[in-house]
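Summary of structural features
One letter stands for each residue in the lines below.
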Amino acid sequence: MSSAKRTGSQAPVPHVADSHDLIRVHGARENNLKDVSIEIPKRRLTVFTGVSGSGKSSLVFNTIAAESQRLINETYSAFVQGFMPTLARPEVDILEGLTTAIIVDQQRMGADPRSTVGTATDVNAMLRILFSRLGEPHIGPPSAYSFNTASVRASGAITVERGNKKAVKATYERTGGMCNRCEGRGSVSDIDLTQLYDDSKSLAEGAFTIPGWKSDSQWTVQVYAQSGFVDPDKPIREYTEKQLRDFLYGEPVKVKVNGVNLTYEGLIPKIQKSFLSKDKEAMQPHIRAFVERAVTFTVCPECDGTRLSEGARSSKIGKISIADACAMEIRDLAEWVRDLDEPSVAPLLGALRDALDSFVEIGLGYLSLDRPAGTLSGGEAQRVKMIRHLGSSLTDTTYVFDEPTIGLHPHDIQRMNDLLLRLRDKGNTVLVVEHKPEAIAIADHVVDLGPGAGTAGGTVCFEGTVEELRAGDTVTGRHLDDRAVLKDTVREPTGALEIRDATTHNLQGVDVDVPLGVLCVVTGVAGSGKSSLIHGSVPPGAGADVVSVDQSPIKGSRRSNPATYTGLLEPIRKAFAKANGVKPALFSANSEGACPTCNGAGVIYTDLAMMAGVATPCEDCEGKRFQPAVLEYRFGGRDISEVLAMSVAQAEEFFGSGEARTPAAHKILDRLADVGLGYLTLGQPLTTLSGGERQRLKLATHMGDKGGVYVLDEPTTGLHLADVEQLLGLLDRLVDAGKSVIVIEHHQAVMAHADWIIDLGPGAGHDGGRIVFEGTPADLVADRSTLTGEHLAAYVGA
């Protein structure tokens, strides 16, 4: 703390401005928080710990960071606020001492097909300016090197309204860098027509096999049937050449269908706009399955996947075009930029060097700028977002991180710790939600929430230093020094999944046998090729059905809840309907049983333009979401709203025996309890679940699949140390039930518990992509020939 200096022997008197050295939270009640009051020191690194669902994110993100952002937004004019996200004031009595909050969360980056690492970090923008100044031959301004900008040419007469109005001839031209063939996407698609329709049927007979296209009522189908271009009663295979051409490739034209003006266009362009312009990963599962069946994506033959026009590829600095620069690994590109000596663009080169060096410093030097943003893991996306803050001159701000060690090998965690400490040492307040002991160890101050999850959490169990936490009697304190031990005996494989000459991304012709019938863990530093090997090779080559549980976020609105997401509501609705002799649809708040006043939402939303909207509980249904008549029907002595208010553990008991016994529902509830979600209420909106809870909800859903091989991508993400033990028990039960479990993981406890380890490396990017070890965990510890081996040996104390 700085102080005003006095001459003489008098003690320095602190300036009154330096007394504001705490963030004070009083009476926080957001989500499951129970009147939490806490003081957080400024300009220190504070780590928030606790089991998944204990209220960490509710306190840090939904209370402190949210209020900081809301107060900053309020400093803008009402006009500007109209374009900004509207944030409601958190449920808290007093918040004092807030500073500007910069949030670096785990949200995946935009999955738009044209979004790349370069465009998401603004590095591409700097490269485009560089090439527009130094590239030979010169082809135009920066837009000429942009794959998101199409070339435009136009000419015509314009009227100049000045004095005597007169028409003058004008021409307009803009040179863009977009490849015409693939429209800047880098890939082109071929459509398998047999997956779109059955040509032995007519449109009236339901020829279309596209999801959601029903012949009787669907508007899209009616447009084709009543367009006049084709005969709806004639089988498609009997169309004339002209009819087939109009049907498949017809230009957009207005047609009248049942008295309504609609647009008709050929089936191929219609499918391209409806399905292919969207990111596959953001689609619903059944739509994605259709697209994967019907469409084959191949590298654009015209631009060779670079997304750029011929002109943009022909302009070079030395022998390097902008396409070459974007395809380089960033650490190589940083070296190339460092070798450029052009005084005319010195400020630009300086900024570009700093940005690229930040990538390398943060451990992402193995990425390339043309890597699609949607393919980054949650950990990679979070570190990419950090880049713009590393060189920032801002101080006295609050940086908020959500598990920054996700997706990091133990070798890389030290580097992340150094970055967090550097941000703190510049005079910033750093708040980190974290589970890893290595990251908790660097904290100046620790806040432990709990003691349990959901309704059993929401209170502050501990505040103090790491040493005091270790000595304290909280769940986190007791488990902080937990270390899994190597197993005495490992299971013998029942077979092997052969992967031969794998070359996806950075893999260098990898040959490996992945053992089946055991717990196999795939490890290696971030960027070494783990996901490329497993996700790129296992699904197509597997004889048995493969169940893949990746890190992609759960899709769902606040109307979605664990009961709807897992399919649990279906047997519950049927049981209620059968017991009361009515339709199952009555017991859905999204269907016939919904309260008509709030449409089944339970709350009434009032939009207040640029101010935060207000949600008030519906007075008619009192937030229960159902019509009063529906709540008259009972099953096992409970109405449907009371069942949805139960926790998983309570519902498991309710549907497990007695008159309410429902085996189909009980089976799903068992799986939810198995993954440690017994505290969740069945009707809790998905939007309120933490990251770890969502991952486990997805795992519970897939446990019901009939696959023989389970592929899990970092299942310990968002899991507390105490929960990792439960996860290991679950993986053991899967293997003992005859399943093969392949886990991509960095957590040493999972490695120590494995039957077999495949370690990739030795580095990341072009320094990785090779198998550096295969064998049991005990052999890896004894060998210590790899980075993973060294860290695992230190972990188990060998």
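Since the model is a prediction, treat every value here as computed from it, not as a measurement. (Residues numbered from 1 in each chain as written. Predicted model: local features only at pLDDT ≥ 70, side-chain atom pairs only at ≥ 80, totals over all residues. Heavy atoms only, no water.)

Along the backbone of the protein chain there are 28 helices and 27 strands. The C-alpha radius of gyration of the protein chain comes to 30 Å, within 12% of the 28 Å expected for a compact globule of 798 residues. Referenced to the eigenvectors of the C-alpha coordinate spread, the extents of the protein chain come out at roughly 90 × 85 × 70 Å. In the protein chain, the share of contacts with a sequence separation of at least 24, taken over all contacts with a separation of at least 6, comes to 66%. In the structure as shown, the protein chain presents an accessible area of about 36,600 Å², 50% of it carried by carbon and sulfur atoms. Each charge sign in the protein chain was given a centre, from 82 positive and 102 negative side chains, and these centres are 6 Å apart. (Helix = DSSP H or I, 4+ residues; strand = E, 2+ residues; numbered from the N terminus. Rg over C-alpha atoms; globule rule 2.2 N^0.38 Å. Contact = heavy atoms within 4.5 Å. Areas by Shrake-Rupley, 256 points an atom, 1.4 Å probe, with all protein chains shown as cover. Lys, Arg positive; Asp, Glu negative; His and termini not counted. Charge placed at Lys NZ, Arg CZ, Asp CG, Glu CD.)

On to the packing of helix H4 (residues 123-134) against helix H12 (residues 346-361), then. Running from N to C, H4 and H12 point in directions that differ by 145°, and their axes come no closer than 10 Å. H4 and H12 meet at a crossing whose hand is left-handed. Counted together, Val123, Met126, Leu127, Ile129 and Leu130 of H4 and Leu348, Leu349, Ala351, Leu352, Ala355, Leu356 and Phe359 of H12 form the full contact between these two elements. Per-class residue counts for the contact of H4 with H12 are 12 nonpolar, no polar and no charged. (Axes fitted to C-alpha atoms, helices over the stretch in contact; angles between N-to-C directions. Left-handed = near helix turned anticlockwise from the far one by under 90°. Nonpolar A, V, L, I, M, F, W, Y, C, P; charged D, E, K, R; others polar.)

Once that is clear, we can look at the sheet that holds strand E1 (residues 22-28). Spatially, E2-E1-E4 is the arrangement adopted by the 3 strands of the open sheet, whose pairing is antiparallel. The two strands at the open ends of the sheet, each matched to only one other strand, are strand E2 (36-41) and strand E4 (94-96). Strand-to-strand twist across the sheet, computed as the mean angle between neighbouring axes with direction ignored, equals 5°. Looking at chain direction, E1 and E2 are connected through 5 bridges and run antiparallel. Bridging across to E2, isoleucine 23 finds its partner in isoleucine 40. (Pairing = 2+ DSSP bridges.)

Glancing now at the nonpolar core. Counting 72 residues, the largest nonpolar core has Leu45, Leu127, Leu130, Leu333, Trp336 and Phe401 as the members making the most contacts within it. Leu519, Val547, Ile668 and Leu734 belong to the second largest nonpolar core, which has 70 residues in total. (Core = buried A, V, L, I, M, F, W, Y, C linked by side-chain atoms within 4.5 Å. Buried < 20%, exposed > 50% of the residue type's maximum accessible area, 1.4 Å probe, protein only.)

The next thing to look at is the pattern of salt bridges. Enumeration according to the criterion identifies 36 salt bridges in this entry. A salt bridge links glutamate 570 to lysine 574; its shortest N-O distance comes to 3.9 Å. In this pair, glutamate 570 and lysine 574 both sit in helix H20 (residues 569-580), 4 residues apart, roughly one turn of the helix. Residues joined by salt bridges that share partners form a network here, namely Lys487, Arg491, Asp732, Asp736 and Asp755. (Salt bridge = Lys/Arg side-chain N within 4 Å of Asp/Glu carboxyl O.)

Time to look at the packing of helix H11 (residues 330-339) against H12. Where H11 contacts H12, the axes come no closer than 9 Å and their chain directions differ by 155°. Judged by the inter-axis angle, H11 sits roughly antiparallel to H12. Crossing angle aside, the handedness with which H11 passes H12 is left-handed. For the pair H11 and H12, the contacting residues are Ile330, Arg331, Leu333, Ala334, Val337 and Arg338 in the first and Leu349, Leu352, Arg353, Leu356, Asp357, Phe359 and Val360 in the second. For the contact of H11 with H12, the per-class residue count stands at 9 nonpolar, no polar and 4 charged. (Parallel < 35°, antiparallel > 145°, perpendicular 65-115°, else oblique.)

Time to look at the packing of aromatic side chains. What the rule picks out here adds up to 18 aromatic pairs. Ring centres 5.2 Å apart and planes at 75° place the aromatic pair phenylalanine 79 and phenylalanine 83 in the edge-to-face group. By relative accessible area, which is 63% here, phenylalanine 79 ends up exposed. By relative accessible area, which is 65% here, phenylalanine 83 ends up exposed. Relative to tryptophan 336, the ring of phenylalanine 131 has its centre 6.3 Å away and its plane inclined at 20°; by these criteria the two rings are stacked. In this pair, phenylalanine 131 sits in helix H4 while tryptophan 336 sits in helix H11, placing the two residues 205 residues apart along the sequence. Grouping aromatic residues by their ring pairs yields a cluster made of Tyr197, Phe208, Trp213, Tyr224, Phe229, Tyr239, Phe247 and Tyr264. The ring of phenylalanine 147 carries arginine 307 above its face, with NZ or CZ at 5.2 Å from the centroid. (Phe/Tyr/Trp six-rings, centres within 6.5 Å; stacked < 30°, edge-to-face > 60°. Lys NZ or Arg CZ within 6 Å of the ring centre and 35° of its normal.)

With that out of the way, let us pick up the pairing of strand E15 (residues 429-433). Across the 5 residues of E15, 5 count as buried, placing the element largely inside the fold. Of the two faces of E15, the one holding Thr429, Leu431 and Val433 and the one holding Val430 and Val432 are both buried throughout. Bridge count for strand E3 (residues 45-49) against E15 is 4 bridges, and the pairing is parallel. In the strand pairing of E15, leucine 45 is matched with valine 430. With 5 bridges joining them, strand E14 (residues 398-402) and E15 adopt parallel strand pairing. Residue pairing for E15: valine 400 is matched across the bridge by leucine 431.

With that settled, the discussion passes to unusual backbone geometry. Of note, the bond from glutamate 136 into proline 137 is cis; its omega dihedral lies within 30 degrees of zero at -5°. Structurally, the position occupied by proline 137 is in the loop between H4 and strand E6 (152-160). The omega torsion of the bond from glycine 761 to proline 762 falls at 0°, within 30 degrees of zero and hence cis. Assignment of secondary structure puts proline 762 in the loop between strand E26 (756-761) and strand E27 (770-775). Phi is positive for histidine 505, which is not a glycine, with a value near 55°. By the element assignment, histidine 505 lies in the loop between strand E18 (495-502) and strand E19 (510-516). Given a relative accessible area of 70%, histidine 505 falls into the exposed group. Notably, arginine 784 is not glycine yet its phi reads approximately 50°, a positive angle. With respect to the secondary-structure elements, arginine 784 resides in the loop between helix H27 (777-783) and helix H28 (787-796). Classification of arginine 784 by relative accessible area gives partly exposed; the value is 41%.

With that settled, consider H12. Between its first and last C-alpha atoms H12 spans 22 Å; for 16 residues at 1.5 Å apiece the expected length is 22 Å, and the two agree. Within the sequence span of H12, burial applies to Leu348, Leu349, Leu352, Ala355, Leu356, Ser358 and Phe359. Glycine 363 sits one or two positions beyond H12 and adopts a positive phi of about 90°. (Expected span 1.5 Å × (residues − 1).)

With respect to the helices, strands and loops of the structure, leucine 680 is situated in the loop between helix H23 (663-674) and helix H24 (691-702). Each C-alpha atom of the pair leucine 680 and valine 522 lies 31 Å from the other, and the pair is 158 residues apart in sequence. Every residue in contact with leucine 680, bar those within four places of it in the chain, is listed here: Pro562, Met646, Ser647, Val648, Leu689 and Glu693.

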